[in-house]
Amino acid sequence: NTEYIVTSSHDGKLRVFMPLKNKRGGKEKWGCCYVLSAHTAEVISLDLSDRYIVSGSWDTTVRVWRTPRQPKRSPRRTRFLLSDDTKEEKREENFLWHTFTGHTRRVISVAFCDKADQIASSDWGGNIRVWIRSSKSLLHVFSGGHKGMVMCLDFSPNGAEFLASGGADSKVML
């Protein structure tokens, strides 16, 4: 996305970088404008759309975040946005939209299909879950197709007609 870049890390946080306004007319610089924090373990996978950020973590959760907008002025300090179970969070806007639970093993990969409003997630045990974002519900669980972890997922470009998965077992499945 040209409006922002999101990174994930082993500390369980997502960092959102945006172009900082340069009043002097020099080169555009990017800076960390937001830190999204709710995962309790490493964040291994991200997928982005214009409106949402989807993250998958070794804490077995899939979290959906509203995309932060460009601050009105360049931040002097990074804004830390914490999960909804801390008192400090009330000082800042919270971008966490929903947390999907149900995986019993570490989440390895996530994919978001904006057209069909679906999220796919895979875990260390070879299970794939497909969620409906708008209703916050589980649509389907695929298990037994891969032996071991599912390393990557992606929806077909025309929508959720197909979901491709690649596993540590060297198989690619549709």
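Enquirer: Help me get a handle on the pairing of strand E2 (residues 13-20), residues and values and all.
Expert: The side chains of a regular strand alternate, residue by residue, between the two faces of the sheet. Pairing of strand E1 (residues 5-8) with E2, which is carried by 4 bridges, proceeds in the antiparallel orientation. Following the sheet pairing, threonine 7 is matched in E2 by arginine 15. Two successive antiparallel strands, E1 and E2, enclose a turn made up of 4 residues, where glycine 12 displays a positive phi of approximately 85°. Pairing of E2 with strand E3 (residues 29-37) involves 8 bridges; the strand directions are antiparallel. Across the sheet, arginine 15 pairs through a bridge with valine 35, a residue of E3.

Enquirer: So, the sheet that holds strand E15 (residues 172-173): which residues are in play, and what are the values?
Expert: Across the sheet, 3 strands lie side by side as E13-E14-E15; this open sheet has antiparallel pairing. Edge strands, defined here as strands with exactly one partner in the open sheet, are strand E13 (150-155) and E15.

Enquirer: Please set out the nonpolar core residue by residue, giving values where relevant.
Expert: Ranked by size, the top nonpolar core spans 14 residues in total, and within it Leu14, Val16, Tyr34, Leu36, Ile53 and Trp65 carry the most contacts. Counting only elements with at least two residues in this core, the list comes to E2 and E3. Tyr52, Val64, Val107 and Phe112 belong to the second largest nonpolar core, which has 10 residues in total.

Enquirer: I'd like to hear about the packing of aromatic side chains, residue by residue, with values.
Expert: Within this structure, the stated rule accounts for 5 aromatic pairs. On the numbers, 6.1 Å between centres and 65° between planes, the contact of tyrosine 52 with phenylalanine 112 is edge-to-face. You can see tyrosine 52 sitting in strand E5 (residues 52-57) and its partner phenylalanine 112 sitting in strand E9 (residues 107-113), a full 60 residues away along the chain. Each of the two residues, tyrosine 52 as well as phenylalanine 112, counts as buried. In textbook terms, an aromatic cluster arises when at least three aromatic residues are bridged by ring pairs, as seen for Tyr52, Trp97 and Phe112.

Enquirer: Describe unusual backbone geometry, and please don't skip the residues or the numbers.
Expert: Residues other than glycine seldom take positive phi values, yet threonine 60 does so here, at roughly 75°. Tracing the backbone shows threonine 60 in the loop between E5 and strand E6 (62-66). Note on threonine 60: relative accessible area 22%, which makes it partly exposed. With phi around 70°, serine 170 is a residue other than glycine that occupies positive phi space.

Definitions and cut-offs
Residues numbered from 1 in each chain as written. Predicted model: local features only at pLDDT ≥ 70, side-chain atom pairs only at ≥ 80, totals over all residues. Heavy atoms only, no water. Pairing = 2+ DSSP bridges. Helix = DSSP H or I, 4+ residues; strand = E, 2+ residues; numbered from the N terminus. Core = buried A, V, L, I, M, F, W, Y, C linked by side-chain atoms within 4.5 Å. Buried < 20%, exposed > 50% of the residue type's maximum accessible area, 1.4 Å probe, protein only. Phe/Tyr/Trp six-rings, centres within 6.5 Å; stacked < 30°, edge-to-face > 60°.

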